[in-house]
Amino acid sequence: EPEVTQTPSHQVTQMGQEVILRCVPISNHLYFYWYRQILGQKVEFLVSFYNNEISEKSEIFDDQFSVERPDGSNFTLKIRSTKLEDSAMYFCASSEPPSPNYGYTFGSGTRLTVV
Amino acid sequence: AQKVTQAQTEISVVEKEDVTLDCVYETRDTTYYLFWYKQPPSGELVFLIRRNSFDEQNEISGRYSWNFQKSTSSFNFTITASQVVDSAVYFCALSDPNTGNQFYFGTGTSLTVIP
C-alpha cells in the first residue's frame with residue numbers, strides 16, 4: 001500500500017537553528033498537509049498546500065514556518081529559528097480530492113527536539 | 001466551527017472486556033468525513049476507519065465496530081474482547097472539504113488494557 005514517507009524520524013536541533021523536515025507524499029495525491037503534536041496533546045493542523053500554494057493555515061503557522069514543494073515529489077516544512085516550544089512530533093499527510101472513499105494518509109512523523 | 005470532543009481522557013479495562021470510546025463532533029457542513037486513528041507508544045498514527053457524512057451504516061471489522069449517528073453527532077468506537085495490544089491513544093477526527101480538507105482532531109482517549 002502506498003505510504004507517505006517522512007525523514008528524518010528524529011531530529012535534535014539547538015534553539016535558534018533552522019530545521020527542514022522532509023516528506024514524500026503519495027505520488028497521485030494532490031493535497032498536502034503538515035500537522036503538529038506536542039507531547040501528550042492532540043494533533044493540530046498547521047497548513048494545507050494545493051496547486052503549489054498554501055490553501056489554509058492555522059494560527060500556529062506564523063512567519064517562522066514555511067512550506068515548499070521544490071521538485072514535484074518532496075514536500076518540506078521549514079522552521080527558520082527554532083524555539084523550545086517547537087519541540088513536537090510533526091506529521092505530514094497527503095490526500096486525494098474529497099470523495100466518499102478518498103484516501104488521506106499520514107506519514108509516521110518526525111520527532112523534533114529543540115534544546 | 002468544527003470541533004471534535006472526546007470526553008474520556010483515560011480508560012482502563014481488564015483484558016477481554018468490551019470498551020466503547022466516545023466521539024462527538026460539531027460542524028455546520030453537510031459533507032464531511034469522520035475518522036478514527038490509533039496512536040501506539042511509537043507515535044505513528046494508524047488509520048482505523050473513515051466514514052463520510054452520507055453513510056450512516058455501522059461497520060464491524062473483527063473486534064472493532066463503529067456506531068455513526070448523525071442525529072446525535074456521534075461516532076463511537078467499540079472494541080470487543082479487548083487485548084493488551086489494544087493499549088494506545090485513540091483519536092477521533094473530522095475532515096471538512098470546506099476548510100481545505102484539514103483534520104480536526106479530538107484530544108484523544110488513552111486506553112489501557114490490563115492483563
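Note that the coordinates shown come from a computational prediction; the quantities given were computed from them, not determined experimentally. (Residues numbered from 1 in each chain as written. Chains lettered and ligands numbered in written order. Predicted model: local features only at pLDDT ≥ 70, side-chain atom pairs only at ≥ 80, totals over all residues. Heavy atoms only, no water.)

Student: Please clarify how the state of the cysteines should be interpreted in this entry.
Tutor: Any covalent bond linking the sulfur atoms of two cysteines counts as a disulfide. Counted by the stated rule, this structure contains 2 disulfides over all chains. With its sulfur 1.9 Å from that of its partner, A:C23 forms a disulfide with A:C92. Its torsion about the S-S bond being -65°, the disulfide of A:C23 and A:C92 is classed as left-handed. Remark: A:C92 occurs in strand β9 (residues 88-95) and A:C23 occurs in strand β3 (residues 19-24); sequence separation between them is 69 residues. Residue A:C23 shares its accessibility class with A:C92, and that shared class is buried. The disulfide partner of B:C23 is B:C92, and the gap between their sulfur atoms is 1.9 Å. Between B:C23 and B:C92, the S-S dihedral sits near -65°, and the bridge is therefore left-handed. Here B:C23, found in the loop between β3 (19-21) and β4 (24-26), pairs with B:C92, found in strand β10 (residues 88-95); they are 69 residues apart in sequence, far enough to count as distant. With respect to class, B:C23 is no different from B:C92; both count as buried. (Disulfide = S-S within 2.5 Å. Helix = DSSP H or I, 4+ residues; strand = E, 2+ residues; numbered from the N terminus. Buried < 20%, exposed > 50% of the residue type's maximum accessible area, 1.4 Å probe, protein only.)

Student: Mind showing me how you'd approach the interface of chain A and chain B here?
Tutor: Often, the extent of an interface is quoted as the loss of accessible area upon association of its parts. Listed per partner, the contact involves 23 residues of chain A and 21 residues of chain B. At the boundary of chain A with chain B, total buried surface from both sides reaches about 1,700 Å², with 56% on carbon and sulfur atoms. The interface formed by chain A and chain B holds 0 salt bridges in total. At the boundary of chain A and chain B, one finds 4 residue pairs in polar contact (both at pLDDT 80 or more). If you list the elements that add at least two residues to the side of chain A that touches chain B, you get β4 (31-37), β5 (44-50), β9 and β10 (104-106) of chain A. Among the elements that make up the side of chain A that touches chain B, the one with the highest residue count is β4(A) (4 residues). Residues of the side of chain A that touches chain B, tallied by class, amount to 12 nonpolar, 8 polar and 3 charged. (Contact = heavy atoms within 4.5 Å. Buried area = accessible area lost by both parts, 1.4 Å probe. Salt bridge = Lys/Arg side-chain N within 4 Å of Asp/Glu carboxyl O. Polar contact = N/O pair within 3.5 Å; in protein donor to acceptor, adjacent residues only side chain to side chain. Nonpolar A, V, L, I, M, F, W, Y, C, P; charged D, E, K, R; others polar.)

Student: Which parts of the structure should I look at to understand the side chain of B:R51?
Tutor: Residues and elements named next belong to chain B. Tracing the backbone shows R51 in strand β6 (residues 46-52). A polar side-chain atom of R51 sits 2.9 Å from the main-chain carbonyl oxygen of Q57. A polar side-chain atom of R51 sits 3.0 Å from a polar atom in the side chain of E59. If we ignore the near neighbours within four places in the chain, the residues touching R51 are Y32, Y33, L34, Q57, N58, E59, F68 and F75.

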